[in-house]
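Now for the letters of each chain:
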Amino acid sequence: MVTLQNVDKYFYRRKSNQIHVINNTTMTLPDEGIVCLLGPSGCGKTSLLNALGGLDRFDNGTITAGEVSVNRYGKRAYEAERNRNFGYIFQNYYLLPEHSVAYNIYLGLHSLKLTHAEKLTRIRQALEAVDMSRYIRRKVGELSGGQQQRVAIARALARR
């Protein structure tokens, strides 16, 4: 479970063009299920997700993931928790186009303590889940945008 307690984030803090993108936000995200964040462009959805996932700092409040709580980004324990238990699907996928589908997913498993064989099993399972098994050796740059998106989803799924 991930919990935010009174989290704030500012851009251009203490300047004339200050933007308060996350405003005293408190919420608890369940271990299972789907959570949908809705709002207009620029309202802070991505900033909130980046703070939750430890990819971006926040200015005030507390974020707790599992047993680890932090008051701002950068704590080693939270980074370790993120690496163990978070998977990401970025808007621009962050795939290496000159490398194979399998290699791109394999890189996403690097921080997990798995054997090479376990990583290959997870890659195959994740690709099956997104109907991309037949492209396991294909270079990512040769895939359509939708296929690349499914590779990015598979990369997150492989981390479990």
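What this report covers is the structure whose coordinates are included nearby.

### Details of helix α5 (residues 145-159)
In an α-helix, one full turn covers 3.6 residues, which means residues spaced three or four apart are oriented alike.
Then comes step 1: Between its terminal C-alpha atoms α5 stretches 22 Å, which fits the 21 Å expected from 15 residues at 1.5 Å a residue.
Then comes step 2: Within α5, burial applies to Gln147, Gln148, Val151, Ala152, Ala154, Arg155, Ala156, Ala158 and Arg159.
Then comes step 3: Just beyond α5, the residue with positive phi is Arg160, at close to 60 degrees.

### So, the pattern of salt bridges
Side chains that differ in charge, positive against negative, can pair when their charged atoms come close.
Then comes step 1: The tally for this structure, following the rule as stated, stands at five salt bridges.
Then comes step 2: As a salt-bridge pair, Asp56 and Lys9 come within 3.6 Å of each other at their nearest N and O atoms. In this pair, Asp56 sits in the loop between α1 (45-52) and β3 (60-65) while Lys9 sits in strand β1 (residues 2-11), placing the two residues 47 residues apart along the sequence.
Then comes step 3: Note on Asp56: relative accessible area 24%, which makes it partly exposed.
Then comes step 4: Given the relative accessible area of 3%, Lys9 is considered buried.

### Things to note about the sheet that holds strand β2 (residues 19-29)
Then comes step 1: Pairing within the open sheet is antiparallel, and its four strands lie in the order β2-β1-β3-β4. Two strands close off the open sheet at either side, each with one partner strand: β2 and β4 (68-70). With direction set aside, neighbouring strand axes in the sheet form an average angle of 20 degrees.
Then comes step 2: When β3 meets β4, the two strands line up antiparallel, connected through three bridges. Each bridged residue has a counterpart across the sheet, and for Ile63 the counterpart in β4 is Val70.
Then comes step 3: Strands in contact with α1 are β1, β2 and β3; relative to β2, the strand with the most contacts, it is inclined by about 55 degrees.
Then comes step 4: Most of the contacts of helix α2 (residues 76-85) go to β4, to which it runs at about 125 degrees, and overall it touches β3 and β4.

### Structural notes on α2
Then comes step 1: Taken together, the buried positions of α2 are occupied by Tyr78, Glu81 and Arg82. Relative to the axis of α2, the buried residues are bounded by an arc of 100 degrees and lie together on one face.
Then comes step 2: Here the buried face of α2 lies against α1, β3, β4 and α5.

### Thoughts on the environment of Thr62
Then comes step 1: Its place among the elements puts Thr62 in strand β3.
Then comes step 2: Using a relative accessible area of 24% as the deciding quantity, one classes Thr62 as partly exposed.
Then comes step 3: Linking Thr62 and Cys36, residues 26 residues apart in sequence, is a C-alpha distance of 21 Å.
Then comes step 4: In this structure Thr62 touches Thr3, Leu4, Gln5, Val7, Ser69, Val70 and Asn71, once residues within four positions along its chain are discounted.

### Some remarks on the nonpolar core
Nonpolar side chains in soluble globular proteins tend to be buried together.
Then comes step 1: Of all hydrophobic cores here, the largest spans 19 residues; its most connected members are Val101, Ile105, Leu127, Met132 and Val151.
Then comes step 2: Those elements that provide at least two residues to this core are α3 (101-108), α4 (116-129) and α5.
Then comes step 3: Setting aside residues up to four positions removed in sequence, Met132 forms contacts with Leu127, Leu143, Gln147, Arg150 and Val151.
Then comes step 4: Counting 16 residues, the second-largest nonpolar core is a separate cluster that includes Leu52, Phe58, Ala65 and Tyr78.

### With respect to the environment of Val70
Then comes step 1: Mapped onto the secondary structure, Val70 falls in strand β4.
Then comes step 2: Between the C-alpha atom of Val70 and that of His99, which follows or precedes it by 29 residues, the distance is 36 Å.

Rules behind the numbers
Residues numbered from 1 in each chain as written. Predicted model: local features only at pLDDT ≥ 70, side-chain atom pairs only at ≥ 80, totals over all residues. Heavy atoms only, no water. Helix = DSSP H or I, 4+ residues; strand = E, 2+ residues; numbered from the N terminus. Expected span 1.5 Å × (residues − 1). Buried < 20%, exposed > 50% of the residue type's maximum accessible area, 1.4 Å probe, protein only. Salt bridge = Lys/Arg side-chain N within 4 Å of Asp/Glu carboxyl O. Pairing = 2+ DSSP bridges. Axes fitted to C-alpha atoms, helices over the stretch in contact; angles between N-to-C directions. Contact = heavy atoms within 4.5 Å. Arc of directions from axis to C-beta. Core = buried A, V, L, I, M, F, W, Y, C linked by side-chain atoms within 4.5 Å.

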